[in-house]
Amino acid sequence: MLIGEVARSVGLETSAIRYYETHGIVPQPERTPAGYRDYDKNDVDLLRFVRRLRSLELPLDDVREIVTLRTDGEAPCAQ
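Since this is a predicted model, take the numbers as computed values, not measurements.

**Student:** Describe the packing of helix 1 (residues 3-10) against helix 3 (residues 41-55), with residues and values.
**Tutor:** The interhelical angle for the contact between helix 1 and helix 3, taken along N-to-C directions, is 45°, at an axis separation of 10 Å. Looking at the two axes, helix 1 sits oblique to helix 3. As for how helix 1 packs across helix 3, the hand of that crossing is right-handed. Contact residues: helix 1 offers V6, S9 and V10, while helix 3 offers V44, L47, R48 and R51. Here the contact of helix 1 with helix 3 is built from residues that sort into 4 nonpolar, 1 polar and 2 charged.

If you want it as structure tokens, here you go:
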């Protein structure tokens, strides 16, 4: 799925998705042979999770920490 489709699907602007990638909040997606970002279901689910965290007005450092816990397989609930 390309970035525009993902943005519409998760309710974020494409610039926000690129910002989260640049600042290490979410990992960089795979790239197509043409160089376009190619998101899979896990990427989309993670971006939805980030959007929900941001809707709680958590600071980006806290969001990054919670996302790291989640992607490492730890339950972020204790945080």
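Moving on from the coordinates now.
**Student:** Hey, could you go over helix 3 for me, with residue numbers and the actual values?
**Tutor:** With 15 residues, helix 3 extends 21 Å from end C-alpha to end C-alpha; this agrees with the ideal 21 Å at 1.5 Å per step. For helix 3, the full list of buried residues reads D43, V44, L46, L47, F49, V50 and L53. On the buried face of helix 3, the contacting elements are helix 1, helix 2 (14-22), strand 2 (37-38) and helix 4 (60-71). Residue D40 occupies the N-cap position of helix 3, its side-chain oxygen lying 3.0 Å from the main-chain nitrogen of N42. The first or second residue beyond helix 3 is E57, which carries a positive phi of 60°.

**Student:** Summarise the packing of helix 1 against helix 2; cite the residues concerned and give the values.
**Tutor:** For the pair helix 1 and helix 2, interaxial distance at closest approach is 9 Å and the crossing angle is 100°. By the angle between their directions, the pair helix 1 and helix 2 is classed as roughly perpendicular. From helix 1, I3, G4, V6 and A7 reach across to helix 2, where they touch T14, I17 and R18. For the contact of helix 1 with helix 2, a count of residues per class yields 4 nonpolar, 2 polar and 1 charged.

**Student:** Lay out the pattern of salt bridges with the relevant residues and their values.
**Tutor:** For the coordinates displayed, the defined rule picks out 4 salt bridges. A salt bridge links E21 to R37; its shortest N-O distance comes to 2.7 Å. A residue pair is termed long-range when its members are at least 10 positions apart, and E21 in helix 2 and R37 in strand 2 qualify at 16 residues. By relative accessible area, E21 is classed as buried at 5%. The class of R37 is buried, set by a relative accessible area of 19%. The partner of D45 in a salt bridge is K41, and the shortest N-O contact between them spans 2.8 Å. You can see D45 and its partner K41 sitting in helix 3, 4 residues apart, about one turn around the helix. Accessibility expressed as a relative area gives 23% for D45, which makes it partly exposed.

Rules of the game
- Residues numbered from 1 in each chain as written.
- Predicted model: local features only at pLDDT ≥ 70, side-chain atom pairs only at ≥ 80, totals over all residues.
- Heavy atoms only, no water.
- Axes fitted to C-alpha atoms, helices over the stretch in contact; angles between N-to-C directions.
- Helix = DSSP H or I, 4+ residues; strand = E, 2+ residues; numbered from the N terminus.
- Parallel < 35°, antiparallel > 145°, perpendicular 65-115°, else oblique.
- Left-handed = near helix turned anticlockwise from the far one by under 90°.
- Contact = heavy atoms within 4.5 Å.
- Nonpolar A, V, L, I, M, F, W, Y, C, P; charged D, E, K, R; others polar.
- Expected span 1.5 Å × (residues − 1).
- Buried < 20%, exposed > 50% of the residue type's maximum accessible area, 1.4 Å probe, protein only.
- Polar contact = N/O pair within 3.5 Å; in protein donor to acceptor, adjacent residues only side chain to side chain.
- Salt bridge = Lys/Arg side-chain N within 4 Å of Asp/Glu carboxyl O.

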